[in-house]
Amino acid sequence: MSVSVDLDPVECYWRIHALPGAPPPRARHAILRRCLPRFAELFARHGARATFFVVARDLEEDAEGRALLGQLARDGHELASHTYSHPYDLVRLPAATIVDEIDRAHGLIGACAGAAPCGFRAPGYAVSAEIIELLRARAYRYDSSAFPSAAYYGAKAAVMGALRVVGRRSSSILDTPRVLAAPRAPYRPAAGAPYRAGALDIVELPMAVTPLARLPVIGTSLVTAPAWLRRHLVTVALRAPFFNLELHGIDLADAEADEIPPALVARQPDLRRPLAHKLAALDETLTAARAVGARFARLDEVAAEFAAR
Ligand SMILES: [Zn+2]
C-alpha cells in the first residue's frame, strides 16, 4: 500500500471554483505550514513512509514550508513532482511551457530533497503521451496520474457545467474519456496512449478505484463519506494486490483555525467537516490496512518493484 499527498495550495481550489481575486495572505501557506505537519504526525504514528507531490513554486515562495519538506525527505519520505505552478490545463499548454513546468519543478524539488525526483503526478489527473515522453527522457520511474473513475469524471463534468451556466469558468479541464478504461492496477503505458497498457520503460500507478463500479477510494471520499461507506471502500481497496491511496493536503485542513476563507468553505463539503473527524477517518483507514497485513511503501519503491518483475 502507498499513501501519497498532493500538496495543492489553497489558491488551486480558488481557481477550480472560479472564485474572484486571490485567497487572503494568511490562507496562502496553510497547506504546507498547517496541514503538512498533521500528515507527518499521522504517518509517523503508523510507521508509514509516504510520497508527497510538491507544487514546486511553494518551495520558492515559502521558506517555512520548504524547511518542513526538507525534513520529511530526511526522515525517509519521498518528494515527487506535481509541476511548478499546478496548471490544470497542463496537457493543453504549448510544448515549451510543459517542459518548463516539469524542469523547474525537477530542479527545485531535487534541491529541497537532496535527490532528483523520479515520480510525477499531473494536475487534475490529466496526463498525455507527450508528458510521458518528457518524463522518460528525464529518467522518471513512474507517473501516477490516471484516475479511471466514471463517478469522479461525472462529478467533475457536472461542476464545470454548473459554473458555465452561471457564467463562470473553472480552471479545471475534462480529460479524455479514454482514462475511464485505464487499468486499475499498475501498468506500463503504451507508446502514444498513456491510459492503455503497453511496454514503455516507465510505470503508471493509477489512483485506487473499486472494481466494477470504479468508485474513487481517495482522501476526499474517505473524509466525506458516511462511516459505513468509508469502511466498505477501504475493505474493497485492501483486497487488491496494491492500494494506491491518494490524499490531498487540504484533507486535513481545520477551516477555522487555518483561516480558510468562508467562500471556499461554502463550496467544499470536506472543509465543513471537523478536523478531528477527518483525522479519525484517515487514522482508522491506516489501522485497517495494518490489521490485514498491508506493507507501506513509497511510490518510487512500488515502481521499482513493479519494474523488476
Ligand atoms: Zn493537484
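For the structure itself, look to the data block above.
Residues numbered from 1 in each chain as written. Predicted model: local features only at pLDDT ≥ 70, side-chain atom pairs only at ≥ 80, totals over all residues. Heavy atoms only, no water.

Account for the coordination of the zinc ion, naming residues and giving values.
The zinc ion binds to the protein through Asp8 (OD), Asp8 (OD), His82 (NE2) and His86 (NE2); the donor distances cover 2.1 to 2.5 Å. One way to put it: the four donor atoms around the zinc ion meet at angles of 56 to 139°, and that makes the site irregular. Along the chain, the residues donating to the zinc ion are arranged with the sequence spacing D-x73-H-x3-H. Placement of Asp8 in the loop between β1 (2-6) and α1 (10-16) and of His82 in the loop between β3 (78-81) and α6 (95-113) is noted, with a sequence separation of 74 residues between them. Each of the two residues, Asp8 as well as His82, counts as buried. (Donors = N, O, S within 2.8 Å, 3.2 Å for Na, K, Ca; no water. Tetrahedral: all angles 85-135°; square planar, octahedral: opposite > 155°, others 65-115°. Helix = DSSP H or I, 4+ residues; strand = E, 2+ residues; numbered from the N terminus. Buried < 20%, exposed > 50% of the residue type's maximum accessible area, 1.4 Å probe, protein only.)

I'd like a description of helix α12 (residues 275-291), backed by residues and values.
Across its 17 residues, α12 extends 24 Å between first and last C-alpha, which sits within 8% of the 24 Å expected from 1.5 Å per residue. Within α12, the full set of buried residues consists of Leu275, Lys278, Ala281, Leu282, Thr285, Leu286 and Ala289. End-on view of α12: buried residues confined to an arc of 135°, all on one side of the axis. When the buried face of α12 is taken as reference, the exposed residues oriented beyond 90 degrees from it are Ala276 and Ala291. Looking at the buried side of α12, the elements it contacts are β1, α3 (30-46), α9 (219-224), α10 (227-239) and β9 (244-248). Looking one or two residues past α12, Gly293 carries a phi angle of roughly 85°, positive in sign. (Expected span 1.5 Å × (residues − 1). Arc of directions from axis to C-beta. Contact = heavy atoms within 4.5 Å.)

Give a detailed account of the pairing of β9, specifying residues and quantitative values.
The buried count for β9 comes to five of five residues, which makes it a mostly enclosed element. Side chains of β9 alternate between two faces, with Asn244, Glu246 and His248 and Leu245 and Leu247 buried alike. In the sheet, β1 pairs with β9 via five bridges, with the strands oriented parallel. Directly across from Ser4, in β9, lies its bridge partner Glu246. (Pairing = 2+ DSSP bridges.)

Quick rundown of the side chain of Arg298? Include the residues and the values.
With respect to the helices and strands, the residue Arg298 is situated in the loop between α12 and α13 (299-308). A polar side-chain atom of Arg298 sits 2.9 Å from the main-chain carbonyl oxygen of Gly76. Beyond its immediate chain neighbours, meaning those up to four positions away, Arg298 contacts Ser2, Arg49, Ala50, Thr51, Gly76, His77 and Glu78. (Polar contact = N/O pair within 3.5 Å; in protein donor to acceptor, adjacent residues only side chain to side chain.)

So what's going on with helix α5 (residues 63-74)? Residues and values would help.
The first and last C-alpha atoms of α5 sit 17 Å apart over 12 residues, in line with the 16 Å expected at 1.5 Å per residue. The N-cap residue of α5 is Asp62: its side-chain oxygen and the backbone nitrogen of Glu64 are 3.2 Å apart. Directly beyond the C-terminal end of α5, a positive phi value near 105° is found at Gly76.

So what's going on with the packing of α3 against α5? Which residues, and what values?
Orientation of α3 relative to α5, taken along the N-to-C sense of each, is 15°, at an axis distance of 10 Å. Our classification of the angle between α3 and α5 gives roughly parallel. For the pair α3 and α5, the sense of crossing is left-handed. Contacts between α3 and α5 involve Leu32, Arg33, Leu36, Pro37 and Ala40 on the former and, on the latter, Glu64, Gly65, Leu68, Leu69 and Leu72. (Axes fitted to C-alpha atoms, helices over the stretch in contact; angles between N-to-C directions. Parallel < 35°, antiparallel > 145°, perpendicular 65-115°, else oblique. Left-handed = near helix turned anticlockwise from the far one by under 90°.)

Before we move on, can you summarise the pattern of salt bridges with the specific residues and values?
Pairing is possible between side chains that carry opposite charge, provided their charged atoms lie close to one another. Scanning all chains against the criterion turns up 22 salt bridges. Linking Glu259 and Arg26 is a salt bridge whose minimum nitrogen-to-oxygen distance equals 2.9 Å. On the criterion of sequence distance, the pair formed by Glu259 in the loop between β9 and α11 (262-265) and Arg26 in helix α2 (residues 25-28) is long-range, its members being 233 residues apart. Across the pair Arg298 and Glu301 runs a salt bridge whose closest N-O atoms are separated by 4.0 Å. Each of Glu11, Arg15, Arg28, Arg57 and Glu61 takes part in a single network of salt bridges with overlapping partners. (Salt bridge = Lys/Arg side-chain N within 4 Å of Asp/Glu carboxyl O.)

Account for the environment of Ala146, with residues named and values stated.
Take Ala146: it is sitting in the loop between β5 (142-143) and α8 (150-165). Exposure remark for Ala146: the relative accessible area of 0% places this residue in the buried category. Counting along the chain gives 62 residues from Ala146 to Ala208, while the straight-line C-alpha distance between them is 9.5 Å. With near-sequence residues (within four places) excluded, Ala146 lies in contact with Val179, Tyr187, Tyr195, Glu204, Pro206 and Met207.

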